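Examination of the molecular architecture
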Amino acid sequence: MGVFYLKKDRLHLRAPGNWMNDPNGFIYYKGKYHLFYQYFPYAPVWGTMHWGHAVSEDMIHWDHLGIALFPTKDYDQNGVFSGSAIEREGKLYLYYSAVKYLETDSENIHVAPGDHYETSQAVIVSEDGYHFDNWGDKKKIIPVSMDEEVANRAHTRDPKVWRDGGHYYMILGSTYGEQTGRVLFYRSKDALAWEYVSQCRSGQFGKILECPDLFAVDGGSVFIGSPMYVTEDGMEYRHQAMCALADYDAKSCGLKLKQEMRLIDYGMDLYAPQTNVDRDGRRVMIAWMRMPRAVETEGESPWRGMMCLPRVVEVRDGHIFFRVHPEVERYFDKKDIGESRGRSPEDGVKEDASKPEQETGNKSLTIPCRLRTVLEEGRELNIGGYRIWTEDDAVWADRSKVYAGIEGYRLTGSTPKLGGRYELEIFVDDNLIEIFVNGGQYVLSHVVYGIGGSVSERQR
Ligand code: FRU
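Residues numbered from 1 in each chain as written. Predicted model: local features only at pLDDT ≥ 70, side-chain atom pairs only at ≥ 80, totals over all residues. Heavy atoms only, no water.

Our next topic: the overall build of the chain. Secondary structure assignment for the chain yields two helices and 34 strands. Relative to the globule expectation of 23 Å for 460 residues, the C-alpha radius of gyration of the chain, 22 Å, shows essentially globular dimensions. With respect to the principal axes defined by its C-alpha atoms, the chain has extents near 65 × 55 × 45 Å. Residues classed as buried in the chain amount to 61% of the 460 residues present. Here the contacts in the chain between residues at least 6 apart in sequence split such that 55% fall between residues at least 24 apart. Carbon and sulfur atoms make up 48% of the accessible area of the chain, which amounts to about 17,900 Å² in all. Charged side chains in the chain number 55 positive and 69 negative. The centres of these two groups are separated by 2 Å. (Helix = DSSP H or I, 4+ residues; strand = E, 2+ residues; numbered from the N terminus. Rg over C-alpha atoms; globule rule 2.2 N^0.38 Å. Buried < 20%, exposed > 50% of the residue type's maximum accessible area, 1.4 Å probe, protein only. Contact = heavy atoms within 4.5 Å. Areas by Shrake-Rupley, 256 points an atom, 1.4 Å probe, with all protein chains shown as cover. Lys, Arg positive; Asp, Glu negative; His and termini not counted. Charge placed at Lys NZ, Arg CZ, Asp CG, Glu CD.)

If you want it as structure tokens, here you go:
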């Protein structure tokens, strides 16, 4: 069977064959957005981690560049885990967690039996963001911790690095005794030699906190993280990406949450987000959309995992907004849709139809598309089998018709109460629907399989 890997992606970055998870090293560097991601190149399941690499000028059209980082050292022999990027003196520094298994399964070398492994932190420096010498340019920067009071030996990972004043700072996700999530702070003058500064444990960080991120926006600090084991309804997924406003003192690396953590996305598929500043200085977030099974299309390698649309993080009146990035709006404003199938937008539902049924009737769906509507209480929108409605002052969605045969996963989702405003902006792609409510007040996104048919609106 001929199998080929994707060379290009549009709108949503997908695994170019096989498995993708977290976004890594997301940065605007020398005129391009670089996005790396956790990648297992041999099968559509999680395994020994590599960093895949894609670049883009607009975060909409992506060119896949193959594998950037892969295990070469004793300390990273079992995985190049998640991390982040900075630019320093024109060079690209990629920080990552290096994993070494302490025990192996002789029948599957790609997983660690009983999570028996250890983790150190490492960096690789690239001159241009395209060439990575995995043998010559890696350096271990924080050794495995043997002191539980400082850090957990296995579960200390996902370095996010930034510059502030004359120093570089790193936040790491960790756990205290695999019972309480915590984050650790390190500081450096040259981005290579790091000293431990402080840590913050919290009952809100789950049992293990993954992929922490901390940044200033609109005069306040936002903390983002992915706490593990936080849901209790017995459904997948138990780990969720969450956010909260925080008080942060840069001098002492003192972190205190100012509010309860809340979901970043109410579809609960989104995980492990990462942010950075975009070309224009906005804070932009991208995240992994978890998929329970691979998509298999004739002539393509099976692929599993993709990225959500880039979202701008803003704080207004004490609320964290995730609004769709202006590049996405620009893409749809240019009516650059429908081309991939050799169809024009006019063949499908009118984009921006404010009342799809009244204005366009029951129209066939052209993917990808953007729909804008105000969905009053009691109204229901049906997008190719995916249902969205407003009830009890919240927006609800049900994917049961387009997620068929998948057991144990949540089929419905709903936003918190909305205060009577139900302005929806919906982005529909083959395997992902993203609903931005009231300009990013809340977002609800669902992975789907087999979306298609038509769009209509009715009274419930
Ligand atoms: C989050 C995560 C990270 C880790 C990576 C491994 O999804 O578990 O904490 O670095 O994925 O692939």
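Next, the rest of the story.
Around the ligand, the neighbouring residues are N21, D22, Q38, W46, M49, F81, S82, R157, D158, E210, Y271 and W288. In this structure, an oxygen atom belonging to the ligand sits 3.1 Å away from a main-chain N or O atom of S82. The contact in question runs from an oxygen atom of the ligand to an N or O atom on the side chain of D158, over 2.6 Å. Protein chains shield 92% of the accessible area of the ligand, which is 320 Å² for the free molecule. For the shell around the ligand, the elements supplying multiple residues, two or more each, are strand 2 (18–29), strand 6 (79–88) and strand 10 (157–164). Per-class residue counts for the shell around the ligand are five nonpolar, three polar and four charged. (Near = heavy atom within 4 Å. Polar contact = N/O pair within 3.5 Å; in protein donor to acceptor, adjacent residues only side chain to side chain. Nonpolar A, V, L, I, M, F, W, Y, C, P; charged D, E, K, R; others polar.)

Once that is clear, we can look at the packing of aromatic side chains. Tallied over the full model, the rule gives 25 aromatic pairs. The interplanar angle of 15° and the centroid separation of 6.3 Å between the aromatic rings of W389 and W396 together place this pair among those described as stacked. Given the relative accessible area of 6%, W389 is considered buried. Between F427 and F436, the aromatic rings sit 5.7 Å apart at their centres with planes inclined by 85°, giving edge-to-face as the arrangement. Residue classification places F427 among the buried residues on the basis of a relative accessible area of 1%. These aromatic residues form a ring-pair network of at least three members: W46, F81, Y101 and Y117. Lying across the ring of W303, R14 places its NZ or CZ 5.0 Å from the centre. (Phe/Tyr/Trp six-rings, centres within 6.5 Å; stacked < 30°, edge-to-face > 60°. Lys NZ or Arg CZ within 6 Å of the ring centre and 35° of its normal.)

Strand pairing in a sheet relies on backbone hydrogen bonds, with the paired strands running either antiparallel or parallel. With respect to topology, six strands assemble into an open sheet ordered 1-5-4-3-2-21, the strand pairing being mixed. Taken across any chain shown, the strands that pair with only one partner, and hence form the sheet edges, are strand 1 (8–10) and strand 21 (303–304). Pairing between strand 4 (residues 50–56) and strand 5 (residues 61–69): six bridges, direction antiparallel. Note that in strand 5 the partner of H53 across the bridge is G66. (Pairing = 2+ DSSP bridges.)

Moving on to the side chain of T415. Relative to the assigned elements, T415 resides in the loop between strand 30 (412–414) and strand 31 (423–429). According to the relative accessible area criterion, T415 is buried, its value standing at 5%. When sequence neighbours within four positions are dropped, the list of residues in contact with T415 reads Y266, A394, V395, V437, Y442 and L444.

Within this structure, the stated rule accounts for 35 salt bridges. Between E148 and R182 there is a salt bridge, and its shortest N-O distance comes to 3.4 Å. Of this pair, E148 sits in the loop between strand 9 (138–142) and strand 10 while R182 sits in strand 12 (residues 180–188), placing them 34 residues apart in sequence. On the basis of relative accessible area, E148 is assigned to the partly exposed category, the value being 28%. The exposure class assigned to R182 is buried, which follows from its relative accessible area of 0%. Here D213 and K160 are joined by a salt bridge, their closest N and O atoms 2.8 Å apart. Here D213, found in strand 14 (residues 209–217), pairs with K160, found in strand 10; they are 53 residues apart in sequence, far enough to count as distant. (Salt bridge = Lys/Arg side-chain N within 4 Å of Asp/Glu carboxyl O.)

Following the criterion strictly, the structure yields zero disulfides and no others. Here C200 stays unpaired: no disulfide links it, and the sulfur of C253, its closest cysteine neighbor, is 11 Å away. Judged by relative accessible area, which is 14%, C200 ranks as buried. Free cysteine: C243, not disulfide-bonded; nearest cysteine sulfur from C308 at 13 Å. (Disulfide = S-S within 2.5 Å.)

Glancing now at the confidence of the model for the chain. Of the residues in the chain, 93% reach a pLDDT of 70 or more, and the chain-wide mean stands at 93. Counting interchain partners and residues more than four positions distant, the pLDDT-below-50 stretch residues 336–351 has 37 contacts. For residues 353–360, every residue scores under 50 in pLDDT, and the model assigns this stretch 23 contacts once sequence neighbours within four places are set aside. (pLDDT = per-residue confidence, 0-100.)

Right, let's talk about the pairing of strand 13 (residues 194–201) for a bit. Of the strand pairs in this sheet, strand 12 and strand 13 are connected by seven bridges, and their pairing is antiparallel. Its bridge partner lying in strand 13, F185 is registered against S198. Hairpin remark: strand 12 followed by strand 13, antiparallel, with five residues in the connecting loop; positive phi at A191, about 70°.

With that settled, the discussion passes to the sheet that holds strand 27 (residues 379–383). Taking strand neighbours across the sheet as the criterion, the six strands line up as 25-34-27-28-29-30 in an open arrangement whose pairing is antiparallel. Of all strands in the sheet, those bounded by a partner on one side alone are strand 25 (363–364) and strand 30. Note: strand 28 (residues 386–391) against strand 29 (residues 394–398), five bridges, orientation antiparallel. From the neighbouring strand, I388 faces strand 29, where its bridge partner is A397.

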